[in-house]
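Here's the letter readout for the chains.
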Amino acid sequence: MEQRKLEARRATRRWVCIAVAALLWSVASAQIRYSISEEVKEGSAVGNVAKDLGLDKSALKDRKYRIVSSATDPLFRLNQNDGILYVSKKIDREDVCERSSTCLINLKTVLENPLEVHYITVEILDVNDHSPSFPELEKTLEISESVLSGTSFQLQAARDPDSGHFSVQHYKLSPNDHFRLEVKDKGEDGKIPILILQKPLDRESAGSHSLVLTALDGGKPPKSGEMNILVNVLDVNDNTPVFTKDVYSVMLIENAPVGTTVIQVNATDLDEGPNGDVIYSFGNSVNRRLFKFFDINPSTGEIIVKHPIDYEHKDKYEIEIQASDKGLAPLTTEKSVIIKIVDVNDNAPEIEVTSFSRSIPEDSRPGTTVALISVSDLDSGHNGKVICSIGEDVPFALSPSLQDKMYSLVTKSPLDREKQSQYIITVTAKDAGQPPLSSEKTISVAVSDVNDNSPEFSFSPYTFYVTEANEPGASLFSVKAFDRDENDNAHISYHILRDRSEDNKLTSFLSMNSDNGDILALKSFDFETLKTFQFHVVASDSGTPSLSSNVTVNVFILDQNDNAPVILYPLSFNGSAEGVEEIPRNVNAGHLVTKVRAYDADIGYNGWLLFSLQEVTDHSLFGLDRYTGQIRTLRSFTETDEAEHKLVILVKDNGNVSLSATATVIVKLVEPKEAFAASDVKSSAKADEDNNVTFYLMITLGSVSALFLISIIVLIAMQCSKSTDYTSKYLQETNYDGTLCHSIQYRSGDKRYMLVGPRMSIGSTIVPGSHANTLVLPDRRRTSEEVRLFKCTL
């Protein structure tokens, strides 16, 4: 007994487990269904799909959870952050599901890695946003007074774009003594109002009757529409036409040529004359859209194809045909004609790629999913059965999915980018119709690379020349590197190699665009303090792991005219360039009055100084040497000459935009004895005045002398190794001893500095490594001339 109870308990437990498993399976396989009303605002939430499916919200974005749809303007959107389905545009149920009792929108959602497909059904609920309306606002009926009570007159039905309970539900007729209203339910064509004569008409009592027909929908409150009916009472015609068949039904092949006769209806009328002549027309209840596809011959009753018929649009038509006689009060009879459309294979299959990885790594394993493909055919039966295939010359294959007409494109063998970096895959879909129709879709799959190449610079090393006084923040130059890899593996970023070494201190004043290799300076360079420097640039790709390479950049600073001349003499005690010179009246022509001394920190033409008289009281008395700055008398003084003369000397350099300074010299004429007595006083005063100048000259001459000795040694060594002849052609001024002897110009084509000045030769060059301090003038063809070394002296 106990054994039987134990077995019964075990059997009960097994049945409970089986029931729970079946319940869980039904939940996992069931489709999600939501309901929303039409006309809801854009952005309204439909439902939490992630919660209802039990999906992890944090993984939705990474798995690219989305709605798969071929529509260009989708009705819904899926938020990847919270998994909620939202309305993306205002929905009009009458546009989406015209004349359908239930409006269902099926959505297909996809998650990748791993691939999952879920189906969602959204039901669009109707709201009462339309009022019933009649095709005509006024209707005229002509009814014979001989018509018996109970005779019916079918009226045009009111149409309401809303569906279900919000469509036309009932009609009401204005109160009258002769007519009542009945309603006939035609199913898809709606409710048809029928006017019933309940009391015989008497034309002698009333020749016409005015009625109001009102159509109401099922809203709360209901919406309504009205039609005025005018009944004119006629006389005598008492027989209605009668159709020869009770049922008219015909099969019509879709795409039948325009003008094809579908069927011919026939009706007879026992009356004679016009009252017995029958004409045919479409009934008042026929949807006006049918007038686009069919026409009827009013005399013969032939229904003719007016426009090509598409089975995929509608597979069955039911048309009300009305037969009327030609009596003064026409009598009519209606009969339904059913036209069934026969499908033909006129639609080629459609291929849709619902999910696609355009790039796949070359190390992907066989069986990796590349794309999700769905096929469809609008035809039915064998005409809609589709077979999908791809070529055999590619390392890919089509794998059928559990979902009907769904395929996965997967890899079937290892990929090698070095052999082929891109595959063009042609997917062919063919239906089973006769003859079969097919379509193709091309998918391009790229094989991605791995990072196995380092960036390479276009030049190594780089050499650039930068003019001093550059604008801070402006681009100076750029370096360029390329990488043989693809995509991120070839995306190069640049940076300057910075360390704490003495040679790399200047890199703190440089900035680099990491994207394009442009290098800009954060400060202006001064040729007088810096002539060249060197740094290193590193180019790194964006691969994983990243690869890099570096290059040396050599920068040479070029001089420009950015320093104005500085007057060294005359220089008064208050700092102004003004001096007083006393000379005896009895000096001869050519007497040296004084010498204006000036200095320019620039080199080359920018540092070549020229002197000129800007202002003088008597041009016949004094002359100025334009190169040396010496002021000499041009003639002897006379008794009539004034005792004091003012000379303003302009000192300017030879730059493109010349810079200048002025000095003033007051020349006083004294008698010879006075000049001799004042000379001692002037000498002591002038000694004090020149103390400052002498101090700077001593420092300059000491440094120049040291460089001069070094240059002599370098010159001897270079002359011993050179055999090339040079010619030296000097300028005309042979007595030049100006304040600035050097004038250097850089020639980028020869990559050397050229010294230019009144006594400089054409072939003069700066000795390499001299930092523009020493000039070599070699000339081996002239024994009378020797190699001269020029330095900057005052």
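What you are looking at is a predicted structure, and each value in this text was computed from that prediction instead of being measured. (Residues numbered from 1 in each chain as written. Predicted model: local features only at pLDDT ≥ 70, side-chain atom pairs only at ≥ 80, totals over all residues. Heavy atoms only, no water.)

1. Side note on unusual backbone geometry
- At the junction of Lys 220 and Pro 221, the peptide bond is cis and its omega measures out at -5° in the coordinates.
- You can see Pro 221 is positioned in the loop between β13 (208-217) and β14 (224-234).
- Backbone torsion omega between Thr 544 and Pro 545 reads 0°, so that peptide bond is classified as cis.
- Located in the positive-phi region is Ala 469, a residue other than glycine, with phi close to 60°.
- With respect to the helices and strands, the residue Ala 469 is situated in the loop between β33 (462-467) and β34 (475-478).
- Residue classification places Ala 469 among the partly exposed residues on the basis of a relative accessible area of 36%.
- At Asn 487, a position not held by glycine, the phi torsion is positive, near 50°.
- Along the chain, the position of Asn 487 falls in the loop between β35 (481-482) and β36 (492-497). (Helix = DSSP H or I, 4+ residues; strand = E, 2+ residues; numbered from the N terminus. Buried < 20%, exposed > 50% of the residue type's maximum accessible area, 1.4 Å probe, protein only.)

2. Looking at a nonpolar patch on the surface
- A cluster of nonpolar side chains, contributed by Leu 707, Ile 710 and Val 714, occupies part of the molecular surface with about 230 Å² of accessible area.
- Within the secondary structure, Leu 707 is located in helix α5 (residues 691-721).
- Relative accessible area serves as the criterion here: at 35%, Leu 707 is assigned to the partly exposed category. (Patch = residues over 30% accessible without salt bridge, like charges linked within 9 Å, V, L, I, M, F, W, Y side chains within 5 Å. Areas by Shrake-Rupley, 256 points an atom, 1.4 Å probe, with all protein chains shown as cover. Salt bridge = Lys/Arg side-chain N within 4 Å of Asp/Glu carboxyl O.)

3. Some thoughts on the side chain of Ser 88
- Position of Ser 88 among the secondary structure elements: in the loop between β5 (84-87) and α3 (93-96).
- Judged by its relative accessible area of 19%, Ser 88 falls in the buried class.
- Reaching out from Ser 88, the side chain makes a polar contact with the backbone nitrogen of Phe 76 at a distance of 3.3 Å. (Polar contact = N/O pair within 3.5 Å; in protein donor to acceptor, adjacent residues only side chain to side chain.)

4. Concerning empty space enclosed by the protein
- Under the counting rule described, the total for this entry stands at two cavities of 30 Å³ or more.
- There is about 30 Å³ of room inside the second largest cavity.
- Taken together, Glu 142, Ile 143, Ser 144, Val 147, Phe 153, Asn 237, Ala 329, Pro 330 and Leu 331 make up the full set of residues lining the second largest cavity.
- Among the elements that line the lining of the second largest cavity, the one with the most residues is strand β8 (residues 138-144), at three residues.
- Residue classes in the lining of the second largest cavity are distributed as six nonpolar, two polar and one charged. (1 Å grid on protein atoms, 1.4 Å probe; cavity = no way out; pocket = protein on both sides within 12 Å on 5 of 7 lines; lining within 4 Å. Points joined across faces, edges and corners; volume = space filled by probe spheres on them. Nonpolar A, V, L, I, M, F, W, Y, C, P; charged D, E, K, R; others polar.)

5. Quick word on the layout of surface pockets
- What the second largest pocket holds in volume is close to 680 Å³.
- Taken together, 27 residues form the lining of the second largest pocket, with Ser 152, Phe 153, Gln 154, Gln 322 and Thr 332 sitting closest to its centre.
- Only β8, β9 (152-154), β12 (191-197), β22 (316-325) and β23 (332-342) provide two or more residues apiece to the lining of the second largest pocket.
- Considering every element that reaches the lining of the second largest pocket, the biggest residue donor is β8, with five residues.
- Split into classes, the residues belonging to the lining of the second largest pocket amount to nine nonpolar, twelve polar and six charged.

6. A closer look at the sheet that holds strand β47 (residues 630-633)
- Here three strands make up an open sheet; going across it, the order is β43-β47-β46 and the pairing antiparallel. The outermost strands of the open sheet, each flanked by one partner alone, are β43 (592-595) and β46 (622-624). In this sheet, adjacent strand axes meet at a mean angle of 20° when their direction is disregarded.
- Direction of pairing for β46 relative to β47: antiparallel, over a ladder of three bridges. Within the sheet, the bridge partner assigned to Gly 623 lies in β47 and is Arg 632. (Pairing = 2+ DSSP bridges. Axes fitted to C-alpha atoms, helices over the stretch in contact; angles between N-to-C directions.)

7. Section: the nonpolar core
- Within the largest apolar cluster, 27 residues are counted, with the highest numbers of intra-cluster contacts made by Leu 252, Phe 294, Ile 321 and Ile 339.
- Among residues more than four places away in sequence, those in contact with Leu 252 are Val 262, Phe 294, Val 305, Ile 309, Ile 339, Lys 340, Ile 341 and Val 342.
- Grouped together as the second largest cluster of nonpolar side chains are 26 residues, Ala 481, Tyr 494, Leu 510 and Val 551 included. (Core = buried A, V, L, I, M, F, W, Y, C linked by side-chain atoms within 4.5 Å. Contact = heavy atoms within 4.5 Å.)

8. Details of the packing of aromatic side chains
- Counted according to the given criterion, the structure contains 14 aromatic pairs.
- Centroid distance Phe 282 to Phe 291: 5.4 Å. Interplanar angle 25°. Geometry classified as stacked.
- Here Phe 282 falls in the buried class, since its relative accessible area comes to 14%.
- Ring geometry for Tyr 462 against Phe 464: centres 5.6 Å apart, planes inclined by 10°, an arrangement best described as stacked. As far as the burial class goes, Tyr 462 and Phe 464 line up, both buried.
- Among the aromatic side chains, those forming a connected cluster through ring pairs are Phe 457, Phe 459, Tyr 462, Phe 464 and Phe 477.
- Its end group placed over the ring of Phe 509, Lys 523 keeps NZ or CZ at 4.2 Å from the ring centre.
- The ring of Phe 527 carries the charged tip of Lys 531 above its face, separated from the ring centre by 4.8 Å. (Phe/Tyr/Trp six-rings, centres within 6.5 Å; stacked < 30°, edge-to-face > 60°. Lys NZ or Arg CZ within 6 Å of the ring centre and 35° of its normal.)

9. What about the pattern of salt bridges?
- All chains considered together, the criterion is met by eight salt bridges.
- For Glu 182, the salt bridge goes to Arg 180, with nearest N and O atoms at 2.7 Å.
- The partly exposed category is assigned to Glu 182, whose relative accessible area is 35%.
- Because the salt bridges share partners, they merge into one network encompassing Asp 618, Arg 635 and Asp 641.

10. Considerations on the sheet that holds strand β1 (residues 32-37)
- Read across the sheet, four strands follow the order β1-β7-β6-β3 without closing on themselves; strand pairing throughout is mixed. Bordering the open sheet on either side are β1 and β3 (66-68), each of which pairs with just one other strand. Averaged over all neighbouring strand pairs, the angle between strand axes comes to 35°, with direction disregarded.

11. What about the confidence of the model for the protein?
- On average, residues of the protein score 79 in pLDDT, and 81% of them are at 70 or above.
- Overall, residues 1-6 carries pLDDT values under 50, and its contacts beyond four positions in sequence, including any with other chains, amount to zero contacts. (pLDDT = per-residue confidence, 0-100.)

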